[in-house]
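Residue-level structure breakdown
Here are the chains, one letter per residue:
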Amino acid sequence: MLSRLARPAAALSRGLATSAQNNAKVAVLGASGGIGQPLSLLLKNSPLVSRLSLYDIAHTPGVAADLSHIETRANVKGFLGPEQLPECLKGCDVVVIPAGVPRKPGMTRDDLFNTNASIVATLTSACAKHCPEAMICIISNPVNSTIPITSEVFKKHGVYNPKRIFGVTTLDIVRANTFVAELKGLDPARVSVPVIGGHAGKTIIPLISQCTPKVDFPQDQLEKLTGRIQEAGTEVVKAKAGAGSATLSMAYAGARFVFSLVDAMNGKEGVIECAFVRSEETESPYFSTPLLLGKNGIEKNLGIGKISPFEEKMVAEAMSELKASIKKGEEFAKNFK
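Residues numbered from 1 in each chain as written. Predicted model: local features only at pLDDT ≥ 70, side-chain atom pairs only at ≥ 80, totals over all residues. Heavy atoms only, no water.

- As annotated in an unreviewed UniProt entry, the protein carries the name Malate dehydrogenase and comes from Cepphus grylle.
- In its Sequence similarities (unreviewed entry) section, UniProt records this for the protein: "Belongs to the LDH/MDH superfamily. MDH type 1 family." (UniProt positions renumbered as here; feature names shortened; annotations may be inferred.)

**What about the domain arrangement of the protein?**
- For the protein, the domain assignment lists domain 1 (22-167) and domain 2 (168-323).
- Here the C-alpha centroids of domain 1 and domain 2 sit 21 Å apart.
- In this assembly, 35 residues from domain 1 lie in contact with 43 residues from domain 2.
- When domain 1 packs against domain 2, close to 3,100 Å² is buried across both sides, 69% of that on carbon and sulfur atoms.
- At the boundary of domain 1 and domain 2, one finds nine residue pairs in polar contact (both at pLDDT 80 or more).
- The set of elements that each furnish at least two residues to the side of domain 1 that touches domain 2 consists of helix 2 (36-44), strand 4 (94-97), strand 5 (135-138), helix 6 (143-156) and strand 6 (165-167).
- The element that contributes the greatest number of residues to the side of domain 1 that touches domain 2 is helix 6, accounting for five residues.
- Taken together, the residues that form the side of domain 1 that touches domain 2 break down as 22 nonpolar, seven polar and six charged. (Domains from an automatic or database assignment. Contact = heavy atoms within 4.5 Å. Buried area = accessible area lost by both parts, 1.4 Å probe. Polar contact = N/O pair within 3.5 Å; in protein donor to acceptor, adjacent residues only side chain to side chain. Helix = DSSP H or I, 4+ residues; strand = E, 2+ residues; numbered from the N terminus. Nonpolar A, V, L, I, M, F, W, Y, C, P; charged D, E, K, R; others polar.)

**Remarks on the confidence of the model for the protein**
- In this model, the protein carries a mean pLDDT of 94, and residues with pLDDT of at least 70 account for 94%.
- The weakest mean pLDDT in the protein belongs to helix 1 (residues 8-14) at 48; the strongest belongs to strand 6 at 99.
- A low-confidence stretch, residues 6-11 (pLDDT under 50), is modelled with 21 contacts involving residues beyond four sequence positions or located in other chains.
- Predicted confidence is poor over residues 13-20, with pLDDT under 50, and the contacts of this stretch with residues over four places away or in other chains come to 17 contacts. (pLDDT = per-residue confidence, 0-100.)

Here it is, written out as structure tokens:
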């Protein structure tokens, strides 16, 4: 039986399958950073990608030169600074945005808001002008605010399509799969846990009740596991002791999402991933749920499905924080020049 979510191991190896349609033109904005470099490496390693355009405000020619020596088909080009951004974006099918500042110990994702909000608004404004039809995948935190910003920017330019704008929450799923597998002695590549809600603290809601294969935990262990999934980013920030945040696992998760998206754009059926998107599934205007992906982005929102009372309570408790973060993003975009 196929799980509602893409099998994680298959997700990256899918990037190693070839077909006549594997000609995706992908841009990474923020390609020289902690997430951008390993993400670009994983994308370069995939025959699904024929052109890889790398953009940043420093070091991109070096990153591009380095990656261009790898014996895979993707043609790599580096673009530097705002004046080269239009050329970078021209003709792109998918744009992935990990640009911004990383979290440091003691910081919440929300603390990144002022810096990253401006960066995302500027970059997505360029996307709206130069590749309005592209799939936009936002990694830059706080995702609960940067996705509403992206939507408002696209509306301003008159090219808004909610089926093509994604907040990449895949790392929450990857972590949930890994942690459940560790506790149950399972192969993490065979575990699939949908994670809904948002992408910060208590808005991250792992649906352990919908895990494939089915797993059970006593309530105290379930609460501890849920807390660990919600705070896993902080776990990494602390372990790196000021030297950065989750970059390698985030690059893996970002690549997994892009490969799923490109597979679906190529006509593969039954591709499902969770992402933070415009939604009518709850009272929150944006919400992450499993999505059936297709040639034009979101084919169908599969919704929350049947959940446990514990999970219902988490959804209810996440609402006020989600709505506040969304409103903050929308207000910022309205005033952004």
